[in-house]
Amino acid sequence: MSNDGGSIQEMLATNLKRARTLRGLSISELSRRSRIGKATLSQLESGSGNPTIETVFSLSRALEIPVSDLLDTRPPGGLTVVRAEDVEVLAGEGVDLRPLQRIETRDTILEVYDQQFRAGCRQESLGHVGTEHTVVQSGRLSVQVDGREVELGPGDYVGFDASRPHGYLAVGGPVRSVLLLHYRADRGVHPGTPHSAPSPDH
């Protein structure tokens, strides 16, 4: 994913309106499905809103599309290097996400995020499309999926159906991790142009 085309607000405004229109949804109907107020949706579509992780994932769930279809602007080509300081943060109640890359093949879309949880803060989700994968790099992370809870440490991995309600809690300090979201390619609303993978030295 790239911020070269503008801010998260600008990208979301363009992509949200397109996705809603393609699905033939009014703002009122999208508000009902996403549980986001009509005034907030209007602000997001005009580029004046302040999107959070909760908002973007709720829209992903309601529109049944990958998160990157709401945030992406163009397919990268050739060598791709993404510097952390150059990526705009998408903040939530307990986590900061930096979208790094969208990788698309014939039948799969994979999104790569740098994911940083704040100490003692819980991040909840009602669910969204795709399969969620998290690899912890540092710290200890409690993960709850459908009432089941596991605790992960550095190097540990968890994966689950992201449509199920789930939550995360940083235990005893901040947590650094990598989040991967993958979807069937037919979930997307962008044209199916193959995307290059990140550079190995990224």
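Now for a description of the structure that goes with this document. Nothing here was measured: the structure is a model prediction, and the numbers come from that model. (Residues numbered from 1 in each chain as written. Predicted model: local features only at pLDDT ≥ 70, side-chain atom pairs only at ≥ 80, totals over all residues. Heavy atoms only, no water.)

### Points about the overall build of the chain
Next, step 1: Scanning the chain from terminus to terminus reveals five helices and eight strands.
Next, step 2: Considering the chain as a whole, with its 202 residues, one finds that 47% of them fall into the buried category.
Next, step 3: Taking the contacts inside the chain whose residues are at least 6 apart along the sequence as the reference set, 71% of them involve residues at least 24 apart.
Next, step 4: Only carbon and sulfur atoms are counted for the fraction: they give 49% of the accessible area of the chain, which is about 9600 Å². (Helix = DSSP H or I, 4+ residues; strand = E, 2+ residues; numbered from the N terminus. Buried < 20%, exposed > 50% of the residue type's maximum accessible area, 1.4 Å probe, protein only. Contact = heavy atoms within 4.5 Å. Areas by Shrake-Rupley, 256 points an atom, 1.4 Å probe, with all protein chains shown as cover.)

### Section: the side chain of S34
Next, step 1: Relative to the helices and strands, S34 resides in helix α2 (residues 27-34).
Next, step 2: At 2.7 Å, the side chain of S34 forms a polar contact with the backbone oxygen of L30.
Next, step 3: A polar contact of 3.3 Å, which involves the side chain of S34, links it to the backbone nitrogen of I36.
Next, step 4: Setting aside chain neighbours within four positions, we find S34 in contact with L41, S58, L59, R61 and A62. (Polar contact = N/O pair within 3.5 Å; in protein donor to acceptor, adjacent residues only side chain to side chain.)

### So, the nonpolar core
Next, step 1: Formed by 40 residues in total, the largest nonpolar core has its most connected members in L16, L30, L59, L63, V67, L70 and V143.
Next, step 2: Ignoring any residue separated from it by four or fewer positions in sequence, one finds L59 in contact with L12, L16, L30, S34, I36, L41, L44, E64 and L70.
Next, step 3: By size, the runner-up hydrophobic cluster in this structure holds five residues, among which are V82, V87, I103 and V112. (Core = buried A, V, L, I, M, F, W, Y, C linked by side-chain atoms within 4.5 Å.)

### A short note on the packing of α2 against helix α4 (residues 53-63)
Next, step 1: Interhelical geometry of α2 versus α4 gives an angle of 105° and a closest axis separation of 9 Å. Between α2 and α4, the crossing angle belongs to the class labelled roughly perpendicular. Counted together, L30, R33 and S34 of α2 and S58, L59, R61, A62 and L63 of α4 form the full contact between these two elements.
Next, step 2: Of the residues assigned to the contact of α2 with α4, the class counts are four nonpolar, two polar and two charged. (Axes fitted to C-alpha atoms, helices over the stretch in contact; angles between N-to-C directions. Parallel < 35°, antiparallel > 145°, perpendicular 65-115°, else oblique. Nonpolar A, V, L, I, M, F, W, Y, C, P; charged D, E, K, R; others polar.)

### Overview of the packing of aromatic side chains
Next, step 1: Applying the stated criterion across every chain, the model contains one aromatic pair.
Next, step 2: Here the aromatic rings of F117 and Y168 are separated by 5.1 Å at their centres, their planes lie at 40°, and the arrangement is tilted. In this pair, F117 is assigned in strand β3 (residues 108-117) and Y168 in strand β8 (residues 166-184), connecting sequence segments 51 residues apart.
Next, step 3: Judged by its relative accessible area of 3%, Y168 is buried. (Phe/Tyr/Trp six-rings, centres within 6.5 Å; stacked < 30°, edge-to-face > 60°.)

### Side note on the pattern of salt bridges
Next, step 1: A full pass over the atoms with the stated rule returns 11 salt bridges.
Next, step 2: Across the pair R102 and E104 runs a salt bridge, and its minimum N-O distance is 3.0 Å. Across the pair, exposure class does not vary: R102 and E104 are buried alike.
Next, step 3: Across the salt bridge formed by E151 and R140, the nearest N and O atoms sit 2.7 Å from each other. Linking E151 in strand β6 (residues 148-152) with R140 in strand β5 (residues 131-145), this pair joins segments that are 11 residues apart in sequence.
Next, step 4: Residue E151 is classed as partly exposed on the basis of its relative accessible area, which comes to 42%.
Next, step 5: By sharing partners, the salt bridges in this structure join E29, R32 and R33 into a single network. (Salt bridge = Lys/Arg side-chain N within 4 Å of Asp/Glu carboxyl O.)

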